[in-house]
Amino acid sequence: MSKQDKRHIALIPAAGVGARMAAGSPKQYLPIAGKPMLRYAVEAFQRSELIAHTYVVVSAEDAYIGGVLPAGEPGVTVLRCGGATRMESILNGLRAARAQIGDDDLVLVHDAARPGLTPGLIRKLIEEAGGEPAGGLLALPVVDTVKSTRGGGVATTPREGLWLAQTPQMFPYALLERALGAAADPSAITDDASAIEALGLSPKLVEGHPRNFKVTLPSDIGIAEMYLKQDPA
Ligand code: CTP
Ligand code: MG
């Protein structure tokens, strides 16, 4: 398959329970400015002309997805194969979609809990990391002074060279499937890039945007609404 034939496929893990959000429903279904959180990420991929198809992974017992992504949603397939951890949900989704994705196709894994993604950020990642054999991810350089309490006392770690990982994280299908399949401890893998790094590879870091932060705590809802009112970066 030539480079031109590679497709870009989005895979959104949305099978978490949102324990830290502690709401009545999983956080990906909470309304943000009147729209369920999950729809923002799905619509960013639908609006990007670079994305061939989007897969959304939910848990087998999910009772909300039909109301949020009805059957027939253009360019979207829902897979009811979520696992106990984020990593397992992604691996299950990759395997369920196996027949529809080529080994060299680039898979963009994106958290349902990051509603601030834009087609512009998707384009930037693809343009800057699309040719990288080890893939790449959006990330933000650390701007604050970093403190560590790991040694018992308080120590300052130089922030130079430190980044905060975001998503999408983009890798060739076969590489990602191999890396996640080889990872020993699913709960220790909190992003896809760390499984790639464990193979001795270095994914490329592409500067993202603060609006693409992960909605985790109740106070994050208001911050997401503030960003979503602004013009997309
Ligand atoms: N996720 C998933 N399957 C899991 C756990 C998480 O698909 N078993 C997804 C979440 O739905 C989310 C993304 O992975 O889109 C990032 O996970 P996180 O922000 O940790 O979400 P939750 O696990 O739902 O939240 P918490 O850790 O607070 O329970
Ligand atoms: Mg979690």
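Residues numbered from 1 in each chain as written. Chains lettered and ligands numbered in written order. Predicted model: local features only at pLDDT ≥ 70, side-chain atom pairs only at ≥ 80, totals over all residues. Heavy atoms only, no water.

## Describing the sheet that holds strand S5 (residues 76-79)
Ordered by their spatial adjacency, 7 strands build an open sheet running S5-S4-S1-S6-S10-S7-S11, and the pairing between neighbours is mixed. The sheet is open, and its two borders are formed by S5 and strand S11 (204-207), each paired with just one other strand. Within the sheet, the average angular offset between the axes of one strand and its neighbour, ignoring direction, is 25°. Pairing of strand S4 (residues 53-57) with S5, which is carried by 4 bridges, proceeds in the parallel orientation. Note on S5: the bridge partner recorded for Tyr-55 is Thr-77. Helix H5 (residues 173-182) rests against strand S6 (106-109) and strand S10 (163-172) of the sheet, and its axis sits at about 120° to S10. (Pairing = 2+ DSSP bridges. Helix = DSSP H or I, 4+ residues; strand = E, 2+ residues; numbered from the N terminus. Axes fitted to C-alpha atoms, helices over the stretch in contact; angles between N-to-C directions. Contact = heavy atoms within 4.5 Å.)

## Side note on H5
Those residues of H5 not exposed but buried are Tyr-173, Leu-175, Leu-176, Ala-179 and Leu-180. All buried residues of H5 lie within an arc of 165° about the axis, which places them on one face of the element. On its buried side, H5 packs onto helix H3 (86-96), S6, S10 and helix H6 (192-197). (Buried < 20%, exposed > 50% of the residue type's maximum accessible area, 1.4 Å probe, protein only. Arc of directions from axis to C-beta.)

## Describing the site of ligand 1
For ligand 1, the set of nearby residues contains 18 residues, the closest of which are Gly-18, Ala-19, Lys-27, Ser-89 and Lys-214. One nitrogen or oxygen atom from the main chain of Pro-13 is found 2.8 Å from an oxygen atom belonging to ligand 1. At a separation of 2.7 Å, an oxygen atom of ligand 1 approaches a polar side-chain atom of Lys-214. Contact with the protein chains removes 88% of the 560 Å² of surface that ligand 1 exposes when unbound. Along the lines of polarity and charge, the residues of the shell around ligand 1 split into 8 nonpolar, 5 polar and 5 charged. (Near = heavy atom within 4 Å. Polar contact = N/O pair within 3.5 Å; in protein donor to acceptor, adjacent residues only side chain to side chain. Areas by Shrake-Rupley, 256 points an atom, 1.4 Å probe, with all protein chains shown as cover. Nonpolar A, V, L, I, M, F, W, Y, C, P; charged D, E, K, R; others polar.)

That is the geometry; function is a separate question.
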